[in-house]
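# An overview of the molecular structure
Here are the chains, one letter per residue:
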Amino acid sequence: MKEYPILFRPVMVQAILAGRKSQTRRVVTAHNSIMSPRGERSKLCWDGSEVREIGWNHPTEKCPAPLPYVDGFPGGVQYLHVPYNWAEDGTVYRIYPRWNVGDHLWVKENLFTSRKDSLITLEITAILAQRLQDITEDEARAEGVESQDWFWRDYELRPGSRFNTARKSFISLWQSINGKKHPWETNPWVWVYEFRLV
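The text that follows walks through the structure, step by step, so that each part is easy to find. Note that the coordinates shown come from a computational prediction; the quantities given were computed from them, not determined experimentally.

Attention now moves to the sheet that holds strand β14 (residues 189-197). Strand order across the open sheet formed by five strands is β1-β10-β11-β14-β2, with mixed pairing between neighbours. Each edge of the sheet is formed by a strand with only one pairing partner; in this case those strands are β1 (3-7) and β2 (23-27). On average, each strand axis in the sheet is tilted by 45° relative to the strand beside it, whichever way the strands run.

Our focus in this paragraph is the environment of Arg-20. Residue position: Arg-20 is located in the loop between α1 (10-17) and β2. In sequence terms Arg-20 and Glu-143 are 123 residues apart; their C-alpha atoms lie 7.4 Å from each other. Not counting chain neighbours up to four residues away, the residues in contact with Arg-20 comprise Ala-15, Arg-141, Ala-142, Gly-144, Val-145 and Glu-146.

Turning our attention to α1. Along α1, the positions that sit buried rather than exposed are Val-11, Met-12, Val-13, Ala-15 and Ile-16. One or two steps after α1, the chain reaches Gly-19, where phi turns positive at roughly 85°.

All chains considered together, the criterion is met by five aromatic pairs. Here Trp-99 and Tyr-193 contribute two aromatic rings whose centre-to-centre distance is 5.0 Å and whose plane-to-plane angle is 50°, an arrangement assigned as tilted. Linking Trp-99 in the loop between β9 (96-97) and β10 (104-108) with Tyr-193 in strand β14, this pair joins segments that are 94 residues apart in sequence. Residue classification places Trp-99 among the buried residues on the basis of a relative accessible area of 13%. Relative accessible area serves as the criterion here: at 1%, Tyr-193 is assigned to the buried category. Taken together, the ring pairs connect Tyr-4, Trp-99 and Tyr-193 into an aromatic cluster. Residue placement shows Arg-26 over the ring face of Phe-8; its charged tip is 4.9 Å from the ring centre. In this structure, Arg-162 packs its charged tip against the face of Phe-151, placed 4.0 Å from the ring centre.

Turning next to the environment of Ala-30. When you line up the elements, Ala-30 lands in the loop between β2 and β3 (33-34). Given a relative accessible area of 18%, Ala-30 falls into the buried group. The spatial distance from the C-alpha of Ala-30 to the C-alpha of Arg-98 is 9.4 Å, given a sequence separation of 68 residues.

Turning our eyes to something else, we now look at a nonpolar patch on the surface. Together, Leu-7, Leu-111 and Phe-112 make up an exposed nonpolar region whose accessible area comes to about 380 Å². Along the chain, Leu-7 turns up in strand β1.

With that out of the way, let us pick up the nonpolar core. One finds Phe-8, Leu-122 and Phe-170 to be the most contacted residues of the largest nonpolar core, which totals 38 residues. Per-element accounting of this core gives the leading share, six residues, to β14. If near-sequence neighbours (up to four positions away) are discounted, Phe-8 is found in contact with Val-13, Ile-16, Lys-21, Thr-24, Arg-26, Val-107, Lys-108, Glu-109, Leu-122 and Phe-195.

Let us now look at the pattern of salt bridges. Any two side chains of opposite charge can pair, on the condition that their charged atoms come close. Within the structure shown, the criterion is met by 10 salt bridges. We note a salt bridge from Glu-143 to Lys-21, for which the minimum N-O separation is 2.8 Å. Placement of Glu-143 in the loop between α2 (137-142) and β12 (147-148) and of Lys-21 in the loop between α1 and β2 is noted, with a sequence separation of 122 residues between them. When its relative accessible area of 6% is taken as the criterion, Lys-21 is described as buried. One salt-bridge network, held together by shared partners, links Lys-21, Arg-25, Glu-139 and Glu-143.

Thresholds applied
Residues numbered from 1 in each chain as written. Predicted model: local features only at pLDDT ≥ 70, side-chain atom pairs only at ≥ 80, totals over all residues. Heavy atoms only, no water. Pairing = 2+ DSSP bridges. Helix = DSSP H or I, 4+ residues; strand = E, 2+ residues; numbered from the N terminus. Axes fitted to C-alpha atoms, helices over the stretch in contact; angles between N-to-C directions. Contact = heavy atoms within 4.5 Å. Buried < 20%, exposed > 50% of the residue type's maximum accessible area, 1.4 Å probe, protein only. Phe/Tyr/Trp six-rings, centres within 6.5 Å; stacked < 30°, edge-to-face > 60°. Lys NZ or Arg CZ within 6 Å of the ring centre and 35° of its normal. Patch = residues over 30% accessible without salt bridge, like charges linked within 9 Å, V, L, I, M, F, W, Y side chains within 5 Å. Areas by Shrake-Rupley, 256 points an atom, 1.4 Å probe, with all protein chains shown as cover. Salt bridge = Lys/Arg side-chain N within 4 Å of Asp/Glu carboxyl O. Core = buried A, V, L, I, M, F, W, Y, C linked by side-chain atoms within 4.5 Å.

This is the structure in structure tokens:
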């Protein structure tokens with residue numbers, strides 16, 4: 001088990017403490033992932049579509065094909081439905097999350113919170129890779145979005161705005177936090193971390 005810091009906005013810290021939040025999504029980057037040293041570290045692909053530049057997620061070119069999973073299962077070629085990068089010879093490498101199930105995350109409410117000042121520790125219980133827009137209604141609820149009088153909160157704080165689904169509320173939450181670098185429309189790959197309070 002290892003410990004890592006994780007930054008949450010105060011409204012999400014409140015959701016954790018209230019028992020509403022048990023998942024978080026983080027865009028796949030070179031900083032939170034393990035990539036083959038032989039692979040191209042500045043770009044990644046998924047599902048054989050377009051290449052994305054890590055950190056900006058702007059389409060730049062087509063992914064190399066075919067897409068065999070190099071450490072795949074014996075007895076046949078596996079095709080990737082997870083983030084990957086590749087080497088100059090076209091070999092494809094799966095990208096793995098840097099954190100593991102069982103690792104502990106200590107919560108930072110701001111950039112200056114130290115380990116000794118953190119009052120919340122989370123244990124990772126599951127990890128998966130997912131395209132952002134694949135989030136379901138139940139997963140959006142697990143992200144901690146707040147319901148208000150039979151409707152769901154608008155985190156972009158538009159006057160009079162509210163939503164009839166948790167998923168739409170999550171989209172507004174995502175845009176309020178990540179909209180400048182990783183807008184919803186770009187549908188980036190994300191690591192989905194499920195956790196429990198310890």
